[in-house]
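Residues per chain, in single letters:
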Amino acid sequence: MKEHKAPIAECLVKEIAKPAKDSVSEVVRSGDLVSYCAEEGVRILGEGKFLVSDSFPGNDRTKYCLTSKIPLGVVLAIPPFNYPVNLAVSKIAPALIAGNSLVLKPPTQGAVAALHMVHCFHLAGFPKGLIGCVTGKGSEIGDFLTMHPGVNCISFTGGDTGIAISRKAGMIPLQMELGGKDACIILEDADLDLAAANIIKGGFSYSGQRCTAVKVVLVMESVADTLVEKVKAKVAKLTVGSPEDNCDITPVVTESSANFIEGLVMDAKQKGATFCQEYKREGNLIWPLLLDNVRPDMRIAWEEPFGPVLPVIRISSVEEGIHHCNASNFGLQGCVFTRDINKSILVSDAMETGTVQINSAPARGPDHFPFQGLKDSGIGSQGITNSINMMTKIKSTVINLPTPSYTMG
Ligand code: NAP
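Only a predicted model underlies this, so the values are computations on that prediction, with no experimental measurement involved.

So, about the overall build of the chain. The helix and strand tally for the chain stands at 12 helices and 22 strands. Compactness check: the chain gives a C-alpha radius of gyration of 24 Å against a globular reference of 22 Å for 409 residues, within 12% of the reference. With respect to the three principal axes, the spread of C-alpha positions in the chain is 90 × 50 × 35 Å. When the 38 positive and 42 negative side-chain charges of the chain are each reduced to one mean point, those points stand 5 Å apart.

Dropping the structure here:
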């Protein structure tokens, strides 16, 4: 995969307008993920358990139980448009090392990159038929695949579609990585330069089209003016243009996404948010926009824009910030900036999200860390080890021995 990174990355640039440098990183990261998974899988799958019956009340030592991990069968992998290669590989590699076969349904935008990536597995010598790739619009072929009786597990990453799939899927293991409204809580004692740099990276990388993007900033009123000024200065430096030129902000994935983002911006405008920059759009290209003084009655306080638009809500207490975060239907990640380690742990414990980052923007990687969403953000946990375990079943063999009265003579 690393040898073929150039043509795969080129597809990502053309299909989903991912900046060229980030496209190459996505492919390289995916190659590393395969290698790590192969090593980790060998160890995980080599482990089993041995249990004896007399440790449970009322039992003699007459049963030995041996457990091992066995494959599920066919795993259906459905990644989203924003990481068509990496989020496909994060399903393919654990599925294969665990002994499963796999059907990949790539996102329509990103399908060509995914086909090139699958070709690498074939070039590497994987038997034909072990990995199948079925292209087509999810709205047309999705039900056929997700409700197919031959599918033994679904690993899906995307938006609300995942909630509908989990209602329709049968009695099979599901791994759902869905949307998020990751909050960034800034306390009074925070390093505001560090926070501003992370808000820019977290909020605007790949034009905000990341599940773990910072999607709302909750800042203590006493430091809000300073923070907003620092973030504003950095927004002014973001480059806007084409992915081939490695611009920071590139066109969002579809016209309907751009229209959706514009709807959130207009709603905020009508309800009195402060625009730190002028709103500007050309086709699917939306200039980065920071919205200050956002209030809970605005849609952008709750909805996931999936674009380069970031709301700031001023709070008067940490509790208010946590309350806002926990009132969301989402629970993917969150982050807190403070110099007080004790406070950061208390905030982390109180936030209803799968992960809390202390003094850094939310992020999915490194890929062996556990990654999970609470509430509408998902089912199950991924990360290399968790995904391998999730794509196996436990099989027991019980050896029954004679009763204690049996004599060996
Ligand atoms: P999406 O519209 O839900 O699509 C995700 C995938 O599902 C695509 O491959 C899509 O195919 C397919 N699909 C659509 N309808 C389907 C159906 N009825 N049955 C089966 N599959 C169907 O999401 P997206 O717009 O690609 O991605 C953005 C969303 O993903 C955001 O909400 C983001 O937060 C979330 N996300 C979450 C994570 C995470 O790890 N939690 C990571 C990245 C992204 P088509 O392209 O053909 O429609």
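Now that the structure is up, let's keep going.
For the rest of this paragraph, the subject is a nonpolar patch on the surface. A cluster of nonpolar side chains, Phe50, Leu66, Ile399 and Leu401, forms an exposed patch at the surface whose accessible area comes to about 330 Å². Tracing the sequence through the fold places Ile399 in strand S22 (residues 392-400). Residue classification places Ile399 among the partly exposed residues on the basis of a relative accessible area of 37%.

Another point: the site of the ligand. Near the ligand lie 30 residues; those nearest to it are Pro79, Thr108, Thr161, Leu178 and Glu304. Pro79 has a polar backbone atom sitting 2.8 Å from an oxygen atom of the ligand. Phe81 is positioned such that a nitrogen or oxygen atom in its backbone is 3.1 Å from an oxygen atom of the ligand. Those elements giving two or more residues to the shell around the ligand turn out to be helix H5 (138-146), strand S6 (153-157) and helix H6 (161-168). Taken together, the residues of the shell around the ligand break down into 14 nonpolar, 12 polar and 4 charged.

A few words on the domain arrangement of the chain. We note that the domain assignment places domain 1 (5-178 + 377-396) and domain 2 (183-358) within the chain. The gap between the C-alpha centroids of domain 1 and domain 2 is 30 Å. The interface of domain 1 with domain 2 comprises 13 residues on the first partner and 16 residues on the second. Of the roughly 1,400 Å² buried where domain 1 meets domain 2, counting both sides, 59% is carbon and sulfur surface. Of all residues in domain 1, Pro19, Phe81 and Ser377 give up the largest surface area on contact with domain 2, accounting jointly for 35% of the area buried on that side. Our count for the domain 1 to domain 2 interface comes out at 0 salt bridges. There are 9 residue pairs in polar contact (both at pLDDT 80 or more) connecting domain 1 and domain 2. Of all elements in the fold, only helix H1 (5-16) and helix H2 (20-45) reach the threshold of two or more residues within the side of domain 1 that touches domain 2. Of the residues contributing to the side of domain 1 that touches domain 2, the split by class is 8 nonpolar, 3 polar and 2 charged.

This part is about the sheet that holds strand S13 (residues 289-292). A sheet is described by the order of its strands in space; here 7 strands give the open sequence S10-S13-S14-S9-S8-S16-S17, paired in mixed fashion. Every other strand in the sheet has two partners, leaving strand S10 (274-275) and strand S17 (355-358) as the edge strands with one partner each. Where strand S8 (residues 183-186) and strand S16 (residues 333-337) come together, 4 bridges link them in parallel fashion. The residue of S16 that forms the bridge with Cys184 is Cys335. Packing of helix H7 (residues 192-204) onto the sheet brings it into contact with S8, strand S9 (216-220), S13, strand S14 (309-315) and S16, and relative to S8 it is tilted by some 170 degrees.

Under the defined criterion, the tally for this structure stands at 0 disulfides. Sulfur of Cys276: no disulfide; nearest cysteine sulfur belongs to Cys184 and is 15 Å away.

With that out of the way, let us pick up the side chain of Asn82. Note on placement: Asn82 falls in the loop between strand S3 (74-78) and helix H3 (86-97). Within the structure, the side chain of Asn82 is placed 3.1 Å from the backbone oxygen of Gln209, a separation counted as a polar contact. With residues near it in sequence (within four places) discarded, Asn82 still touches Ile16, Lys18, Glu26, Leu87, Tyr206, Gln209, Arg210, Cys211 and Phe306.

Once that is clear, we can look at unusual backbone geometry. Note the cis peptide between Gly365 and Pro366, where omega equals -10 degrees. Although it is not a glycine, Ala17 sits at a positive phi angle of roughly 55 degrees. As for its placement among the helices and strands, Ala17 is situated in the loop between H1 and H2. With a phi close to 60 degrees, Asn246 is a non-glycine residue in the positive phi region. Looking at the secondary structure, you find Asn246 in the loop between helix H8 (221-235) and helix H9 (255-270). Looking at Asn246, the relative accessible area reads 32%, which means it is partly exposed.

Summed over all chains, the structure comprises 19 salt bridges. Glu229 is the partner of Lys232 in a salt bridge, and the nearest nitrogen-oxygen pair spans 3.9 Å. In this pair, Lys232 and Glu229 are both assigned in helix H8, 3 residues apart and thus about one turn of the helix distant. Residue Asp267 pairs with Lys271 through a salt bridge whose shortest N-O separation is 2.7 Å. Using a relative accessible area of 29% as the deciding quantity, one classes Lys271 as partly exposed. Three or more residues are tied together by salt bridges with common partners; here these are Glu221, Asp225, Asp292 and Arg314.

Before going further, it helps to examine H1. In a regular helix each residue adds 1.5 Å, so 12 residues correspond to 16 Å; H1 covers 16 Å between its end C-alpha atoms and thus fits that length. Among all positions of H1, only Ile8, Ala9, Cys11, Leu12, Val13, Glu15 and Ile16 are buried. In this structure, the buried side of H1 is in contact with H2 and helix H4 (111-123). Positive phi shows up at Ala17, right after H1, with a value of about 55 degrees.

Quick look at the environment of Gln109 now. As for its position among the elements, Gln109 is in the loop between strand S4 (101-104) and H4. Apart from residues lying up to four places away in sequence, Gln109 is in contact with Glu15, Ile16, Phe81, Pro84, Val253 and Thr254. Reaching out from Gln109, the side chain makes a polar contact with the backbone oxygen of Val253 at a distance of 3.1 Å.

The rules behind each value
Residues numbered from 1 in each chain as written. Predicted model: local features only at pLDDT ≥ 70, side-chain atom pairs only at ≥ 80, totals over all residues. Heavy atoms only, no water. Helix = DSSP H or I, 4+ residues; strand = E, 2+ residues; numbered from the N terminus. Rg over C-alpha atoms; globule rule 2.2 N^0.38 Å. Lys, Arg positive; Asp, Glu negative; His and termini not counted. Charge placed at Lys NZ, Arg CZ, Asp CG, Glu CD. Patch = residues over 30% accessible without salt bridge, like charges linked within 9 Å, V, L, I, M, F, W, Y side chains within 5 Å. Areas by Shrake-Rupley, 256 points an atom, 1.4 Å probe, with all protein chains shown as cover. Salt bridge = Lys/Arg side-chain N within 4 Å of Asp/Glu carboxyl O. Buried < 20%, exposed > 50% of the residue type's maximum accessible area, 1.4 Å probe, protein only. Near = heavy atom within 4 Å. Polar contact = N/O pair within 3.5 Å; in protein donor to acceptor, adjacent residues only side chain to side chain. Nonpolar A, V, L, I, M, F, W, Y, C, P; charged D, E, K, R; others polar. Domains from an automatic or database assignment. Contact = heavy atoms within 4.5 Å. Buried area = accessible area lost by both parts, 1.4 Å probe. Pairing = 2+ DSSP bridges. Axes fitted to C-alpha atoms, helices over the stretch in contact; angles between N-to-C directions. Disulfide = S-S within 2.5 Å. Expected span 1.5 Å × (residues − 1).

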